[in-house]
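Listed below, chain by chain, are the residues.
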Amino acid sequence: QAIKALKEMGVYTVLINPNIATVQTSAGMADKVYFYPITLEYVEAVLEKERPESILLQFGGQTALNCGIALDRGGLLQKYNVQVLGTPVHAIVATEDREIFNAKLAQIGESTAPSAAAESGAAHSRSWLGPGRLTTRIVTTPCAIDTSVVITPRA
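Predicted model only: the values in this text are computed from it and were never measured. (Residues numbered from 1 in each chain as written. Predicted model: local features only at pLDDT ≥ 70, side-chain atom pairs only at ≥ 80, totals over all residues. Heavy atoms only, no water.)

Visitor: Provide a residue-level description of unusual backbone geometry, including the pertinent values.
Guide: If you check the backbone angles, R51 has positive phi at about 50° while not being a glycine. Within the fold, R51 resides in the loop between α2 (40-50) and β3 (54-56). Residues other than glycine seldom take positive phi values, yet N81 does so here, at roughly 55°. The topology assignment puts N81 in the loop between α4 (76-79) and β4 (83-85). Residue classification places N81 among the exposed positions, given a relative accessible area of 64%. (Helix = DSSP H or I, 4+ residues; strand = E, 2+ residues; numbered from the N terminus. Buried < 20%, exposed > 50% of the residue type's maximum accessible area, 1.4 Å probe, protein only.)

Below is the structure:
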């Protein structure tokens, strides 16, 4: 729908999407389609070639949000003079980071359920739960565990 709306306004659209089996990659939707993975390297290559004035991050799921944050933190949006339309990067970061999000809610007087973040990976390879075991002792029951696994187009 976003591409349709932009096209109706006469905006030249460039789409990066590794999935050839979606409606948005159909002929006549975007003016230009790149069937590339949504990674920093590939997106930078498109930015360098196409030189867009702006970018929309919120229409590509978690992968696009993460890539947008990386583009911003890496200075690439500034380097290519690309403006983020819609949800600004600082708001994406604030909603993705539980500590920042909880602090923002506390600022406006909203309470949140007790929570803690746990990480896994090479540093915690001895146990598949890693520090998650410690986290469940801090958070009272019931305890919900969100793996927050993102499968990238390279997977």
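Visitor: Please provide a residue-by-residue account of the packing of aromatic side chains, values included.
Guide: Two numbers describe a pair of aromatic rings. These are the distance of the centres and the angle of the planes. Under the criterion given, the structure shown has 2 aromatic pairs. Between Y34 and Y36, the ring centres sit 5.2 Å apart and the planes meet at 50°, which makes this aromatic pair tilted. Owing to a relative accessible area of 7%, Y34 belongs among the buried residues under this scheme. Under the relative-accessibility criterion, Y36 is labelled partly exposed at 29%. Centroid distance Y36 to Y42: 5.2 Å. Interplanar angle 45°. Geometry classified as tilted. Residue Y42 is classed as partly exposed on the basis of its relative accessible area of 34%. What links up through ring pairs into an aromatic cluster is the set Y34, Y36 and Y42. (Phe/Tyr/Trp six-rings, centres within 6.5 Å; stacked < 30°, edge-to-face > 60°.)

Visitor: Please give an account of the side chain of T13 that cites residues and values.
Guide: Mapping T13 onto the fold places it in the loop between α1 (2-8) and β1 (14-16). In this structure T13 touches I3, L6, K7, M29, A30, D31 and K32, once residues within four positions along its chain are discounted. (Contact = heavy atoms within 4.5 Å.)

Visitor: Go over the packing of α2 against helix α3 (residues 61-73), please, and point to the residues and values.
Guide: At a minimum axis separation of 10 Å, α2 and α3 run at an interaxial angle of 65°. When the interaxial angle is binned, α2 and α3 end up roughly perpendicular. Crossing of α2 against α3: the hand is right-handed. Between α2, through L40, V43 and L47, and α3, the contact on the second element is made entirely by C67, A70 and L71. (Axes fitted to C-alpha atoms, helices over the stretch in contact; angles between N-to-C directions. Parallel < 35°, antiparallel > 145°, perpendicular 65-115°, else oblique. Left-handed = near helix turned anticlockwise from the far one by under 90°.)

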